[in-house]
Amino acid sequence: MSHPSTPPAGPTATPSGRREGRADGVLEIELAAHAPQGRDGEAPSGRRRGWRPGRVREVATHNGVVMNTITWRDRLRRDKTLLVMTLPAVGLLVLFAYVPMLGNVIAWQDYSPYVGIADSPFIGWDNFVRVFSNPQFLHAVGNTLLITGFQLVFFFPIPIMLALLLNSVVTPALRTSIQSIIYLPHFFSWVLVVTIFQQIFGGAGLVNRLLAQAGYTGFDLMTNPDTFLVLVTSQAVWKDAGWGIIIFLAALATVDPAHYEASAMDGAGRWRRMWHITLPAIRPTIILLLILRLGDALTVGFEQLILQRGAVGPGVAEVIDTYVYYQGVVNGDWAFAAAAGLVKGVVSLLLVLGANKLAHVFGEDGVYRKS
Amino acid sequence: MVTAVAALSSVAVLAACGGGGGTGNAGGDGEAVYALSAEDTPNYVPLDLVEADFPGVDGSAPGFTSIPDPLVAAVDSPPGSGGSYTAMTPLWGTIPPTDGNAYFDAVNEAIGTTINFQISDGNTYGDKMAAVLASPRDVADWTTIPSWNVPPRFNDAVESIFADLTPLLAGDAIEAYPNLANIPTEAWQACSWNGKIYGLPMPVEVGLTDYALYRADLVADQALPTTPEELIEFAEANTGDGAWGANDLWAVATAMFGVLPSQPGWEVGDDGALVHRVETPEYRAALEWMTELYSSGAVHPDAVADNQGDAGTRFEGGQVVMTSTGLGYWHEALTRNRPANPDFDIDVLPLFGADGADPVIYKPKGAAMCSFLKQTEDEAQLTELLEVANFLAAPFGTEEFQLINYGVEGVHYDLGADGLPVATTQAQQEVQPSYIFLTGPPAVNAKPDLPDYVEKRSTWAAANAEFVTEPLFYGMNIAEPNQYASIGQPFADLEKDIVRGRASMADLDAAIETWRSAGGEELRTFYTEIYEGLESEGGSASS
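Every value quoted in this text rests on a predicted model; they were computed, and no experiment measured them. (Residues numbered from 1 in each chain as written. Chains lettered and ligands numbered in written order. Predicted model: local features only at pLDDT ≥ 70, side-chain atom pairs only at ≥ 80, totals over all residues.)

A separate point is the overall build of chain B. The secondary structure content of chain B amounts to 19 helices and 21 strands. In terms of overall size, chain B behaves like a compact globule, its C-alpha atoms giving a radius of gyration of 23 Å where 543 residues would be expected to give roughly 24 Å. In terms of its C-alpha atoms, chain B occupies a principal-axis envelope of roughly 65 × 60 × 40 Å. Within the span of chain B, comprising 543 residues, buried residues form 47% of the whole. Pairs at least 24 residues apart make up 78% of the contacts formed inside chain B by residues separated by at least 6 positions. (Helix = DSSP H or I, 4+ residues; strand = E, 2+ residues; numbered from the N terminus. Rg over C-alpha atoms; globule rule 2.2 N^0.38 Å. Buried ≥ 20, exposed ≤ 12 C-beta atoms within 10 Å, placed from the backbone. Contact = placed C-beta atoms within 7 Å.)

Here is the structure:
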């Protein structure tokens, strides 16, 4: 392996990644204080923010365990600079994320954009009742979950496998070029991706024309509702699998080659090394991404699906996002769409929290952990 | 007073929204008006400048194959007062540059008012419209909305976003704008909401607005179909070798089988009760025919994939022999393709009914599109824009019409030996119809540079005039109660599913049942009350 020797864990391997700029010595001390979370010297949790080395050392040598001896006021004074630096981001977040969220109030209104939020009458939970009693919405939820489930099995592992494969390519130049080639489709827009698929696999596409010339009857992959699930997943793989490997490659880069050498000395073969060293090293990353994916479980490629909805029909291609779009924007039923969107948002939040909790139960860090 | 008005007009209807026929009590919120009263209707003062080579029959557009010389000036001097306004319009074609466009500059200069266009793709205009109107501050000063893109709750939208033009145009007030007064009454009815004039019409000819065109140059020696069955055979016969018989032909199916228009979509059934479009046997028959067409394999796969945006490209490229489209596309395609391929030719399919019956053409709304002026405190702005509209509505045979449709002589066209304009390359880039979507003169078939087209289209339209019939509630814009705004939506998807074999007629029955229970019956009651209101006033809503 030609990896340069890296510190035990890079920022990608520790999801919360707040350890930049700290001396390694301090790290070790903090690790000692948190022993239960750090494992085998890699991926310590690094949750404490902005500790000055001096103070950490002081606390650590003083007691060894006690962490919260400083008051809230002290912490405020200590973190002043950092807090000021976060203010612009917080401001933007409030302005562009939280203030617009107030608009969700239309979910409880008989809202008309021409009358305005102030003058639209409140109608209680009627919109939510309509959402849950609407067969089309429930159908869209079913489609969404089906696509998510299918892609969890047939899309999510692919970047991991690709990363493992790429990682075993020794020549850096070759590895970089392979990487670049499979990244590239990520930068195509969905319109382009769908068009390319249509031009190749569509009824009047390249494959069918060649088949027709050879005297065979063709097929139309793009308008077949039965294979739509496979189609959208292969499009997603083609477009985004290359992009998805970046984060795994970074995680792989953090594995100390000494571990491989040591296990090789002990007679571990290729598969054993992968199973006992590589996979444990990227496990926190996999779990982090899995949780984030679960949070997105109800979001499955709006553009990709809306572009192909007409080709295969809403029976298989209507998902929550497209349904909300047609109902809300095209049909002007904004309040209903807001209610449906809210339901989706709440369920997604619960999914993330639940998955995070589950990760903690299994001893992983997940996305975040309360200190 | 109110009752007097109602009695005056056969189409002024006052009906209570919630239930119970409302009779002329002083205006409460529950009262809705769906048609223009007689006294608010602008006077119709026709202008006759040029004698048509192919006179219109019963409202079909007159055809002209030569340009009068000299042209008449319809407006003395630039009518505008130097203002600058934004206008949002659709376009089915390549969007031209708006900066440094000699055509736009020339027209703006001739008007004396600068119109800055925001041009959007016509195929997705409706989706965009809903979002634009939801943020009233960003609406352009002058906004075109095609009749098929009118968003839900539009009766609310006009009240809060657009200017009420009734005081400026009602009765003889319109005579201050002679070219606008030349626009027929039906066009104004189509652009009125809540009993007030809100829109400036782009008038449409009476007759079919959408039908099938075929590539006459590709099927020169073939016999044309005369029945729905032959039409499918015709499409099949022209499928093969990388070409397909047809794009989606829904517009043809609705005309052959006499399907009701989707708005408002009601007719009086045999038992006197109102029947909705989706409940009629004609709708079923049209769907069954379309299913047969699709299953024959003669529909281009991209059309099967519901890519309608490229329908014209496929047709002009010869990959498809028939396409169904708005007939305005016809001359645009000829103008686009003839310079490179002089043999390029398009003709319109003959119109026929199913099972030997006559076809039924439901009279289209009097205006294909209406354009709306944004509300403003400053009435001078409105009158300036009305002056501009008056300029744009100048009829065939005027300098203004020539400028708007052909651009500047010497820049966008040269006069040929026969006095007919020949477009330059610059025209192909710059002269994209945009002013005509704001407002225009009564529909004419005036493409003297395409005399063969004028003849074909005029004779076809005149021959079909006898099949035109007025649908129920003609001339009215009825705002349905909001809670039922989207119950008809599933049918748009279902139609596509059924014809492509993804859903069956049994699914249609189920969808109709769902529709009835989701508010279809309430809608029937709603429309029945309006219908009874019309009947009791002694007027007839339909022929």
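Here the narrative resumes, following the displayed structure.
We now examine the overall build of chain A. Scanning chain A from N- to C-terminus turns up 17 helices and 0 strands. Buried positions account for 30% of the 371 residues belonging to chain A. Intrachain contacts of chain A at a sequence separation of at least 6 include 68% that bridge at least 24 residues.

Once that is clear, we can look at the sheet that holds strand β14 (residues 320-326) of chain B. All names here are of chain B. In spatial order, the strands read β11-β14-β10-β15; together these 4 strands make up an open sheet with mixed pairing. The sheet terminates laterally at β11 (244-246) and β15 (347-348), the two strands that pair on one side only. Pairing of strand β10 (residues 210-214) with β14, which is carried by 5 bridges, proceeds in the antiparallel orientation. Note on β14: the bridge partner recorded for Y211 is T325. Against the sheet, helix α9 (residues 250-257) makes contact with β10 and β14, and its axis sits at roughly 115° relative to β10, the strand it touches most. (Pairing = 2+ DSSP bridges. Axes fitted to C-alpha atoms, helices over the stretch in contact; angles between N-to-C directions.)

Residues and elements named next belong to chain B. In spatial order, the strands read β5-β4-β6-β17-β9; together these 5 strands make up an open sheet with mixed pairing. If you trace the sheet from one side to the other, it starts and ends with β5 (114-121) and β9 (199-203), each paired once. Adjacent strand axes in the sheet meet at a mean angle of 25° when their direction is disregarded. As judged from the 5 bridges shared by strand β6 (residues 142-146) and strand β17 (residues 367-373), these two strands associate in the antiparallel manner. Paired with W142 across the two strands is L373, which belongs to β17.

Low pLDDT marks regions whose predicted coordinates should not be analysed in detail. Averaged over all residues, the pLDDT of chain B is 86; the fraction at 70 or higher stands at 93%. Across the assembled chains, the prediction reports ipTM 0.79 with pTM 0.79. (pLDDT = per-residue confidence, 0-100.)

Moving on to the interface of chain A and chain B. With 24 residues of chain A at the interface, the matching set in chain B holds 26 residues. Sorting the residues of the side of chain A that touches chain B by element identifies α14 (302-312), α15 (314-317) and α16 (320-330) of chain A as the ones contributing at least two each. Of the residues forming the side of chain A that touches chain B, the biggest block, 3 residues, is contributed by α16(A). Within the side of chain A that touches chain B, the residues separate by chemical class into 10 nonpolar, 11 polar and 3 charged. (Nonpolar A, V, L, I, M, F, W, Y, C, P; charged D, E, K, R; others polar.)

This brings us to the nonpolar core. Grouped together as the largest cluster of nonpolar side chains are 183 residues, with contacts concentrated most on A340(A), C191(B), A246(B), L293(B), A367(B) and A389(B). Tallying contributions element by element places helix α17 (residues 334-361) of chain A first for this core, with 8 residues. Discounting residues that sit within four places of it in the chain, A340(A) has contacts with V131(A), F137(A), I320(A) and V324(A). Among the nonpolar cores identified, the runner-up in size contains 11 residues, and I160(A), I245(A), A251(A) and V255(A) belong to it. (Core = buried A, V, L, I, M, F, W, Y, C linked by C-beta atoms within 7 Å.)

Owing to its 3.6 residues per turn, the α-helix aligns residues three or four sequence positions apart on the same side. Residues and elements named next belong to chain A. Under the 1.5 Å per step criterion, the end-to-end length of helix α6 (residues 135-154) is 28 Å for 20 residues, consistent within 8% with the ideal 28 Å. Within α6, the full set of buried residues consists of F137, A140, V141, N143, T144, I147 and Q151. In a view along the axis of α6, the buried residues occupy a sector of 165°, so they form one face of it. Turned more than 90 degrees off the buried face of α6, the exposed positions are P135, L138, G149 and V153. Buried-residue contacts for α6 involve α5 (126-132), α11 (228-253), α15, α16 and α17. (Expected span 1.5 Å × (residues − 1). Arc of directions from axis to C-beta.)

As annotated in UniProt, the feature "domain: ABC transmembrane type-1" (unreviewed entry) corresponds to residues 141-355 of chain A in the numbering used here. Span residues 141-355 of chain A is 77% helix and 0% strand, its end C-alpha atoms 20 Å apart. (UniProt positions renumbered as here; feature names shortened; annotations may be inferred.)

Turning to the environment of T144(A), a few remarks are in order. Here T144(A) shows up in helix α6. Residues T144(A) and F219(A) lie 75 residues apart in sequence; the distance between their C-alpha atoms is 26 Å.

Attention shifts here to the UniProt feature "transmembrane region" (unreviewed entry) in chain A. Residue and element names in this part refer to chain A. In the UniProt entry, the feature "transmembrane region" (unreviewed entry) is given for residues 82-101, 145-169, 181-201, 241-262, 274-295 and 334-353. Secondary structure within residues 145-169 divides into 84% helix and 0% strand; the distance between the first and last C-alpha atoms comes to 36 Å. Along residues 181-201 one finds 71% helix and 0% strand; the C-alpha atoms at either end are 22 Å apart.

Residue and element names in this part refer to chain B. Among the 5 residues of β9, 5 are classified as buried, and the element is accordingly described as predominantly covered. Judged by which residues are buried, β9 turns out to be covered on both faces: G199, P201 and P203 on one side and L200 and M202 on the other are all buried. In the sheet, β9 pairs with β17 via 5 bridges, with the strands oriented antiparallel. Bridging from a neighbouring strand, P201 pairs with C370 of β17.

Attention now goes to the domain arrangement of chain B. Residue and element names in this part refer to chain B. Taken as a whole, chain B is organised into domain 1 (2-33 + 480-536), domain 2 (76-206 + 365-439) and domain 3 (210-362). Taken together, the contacts link 15 residues of domain 1 with 14 residues of domain 3. Grouping the amino acids of the side of domain 1 that touches domain 3 by side-chain chemistry returns 8 nonpolar, 3 polar and 4 charged. (Domains from an automatic or database assignment.)

A few words on the pairing of β14(B). Residues and elements named next belong to chain B. Buried residues dominate β14, accounting for 6 of its 7 residues. Summarising the sheet, β11 and β14 pair through 2 bridges and their orientation is parallel. Across the sheet, the residue bridging to W244 is V320, located in β14.

So, about the packing of α14(A) against α16(A). All names here are of chain A. At a minimum axis separation of 9 Å, α14 and α16 run at an interaxial angle of 65°. One finds that α14 runs roughly perpendicular with respect to α16. Of the two possible hands of crossing, α14 and α16 adopt the one that is right-handed. In this structure, α14 uses F302, L305, I306 and R309 to contact α16, whose residues at the interface are D321, T322 and Y325. (Parallel < 35°, antiparallel > 145°, perpendicular 65-115°, else oblique. Left-handed = near helix turned anticlockwise from the far one by under 90°.)

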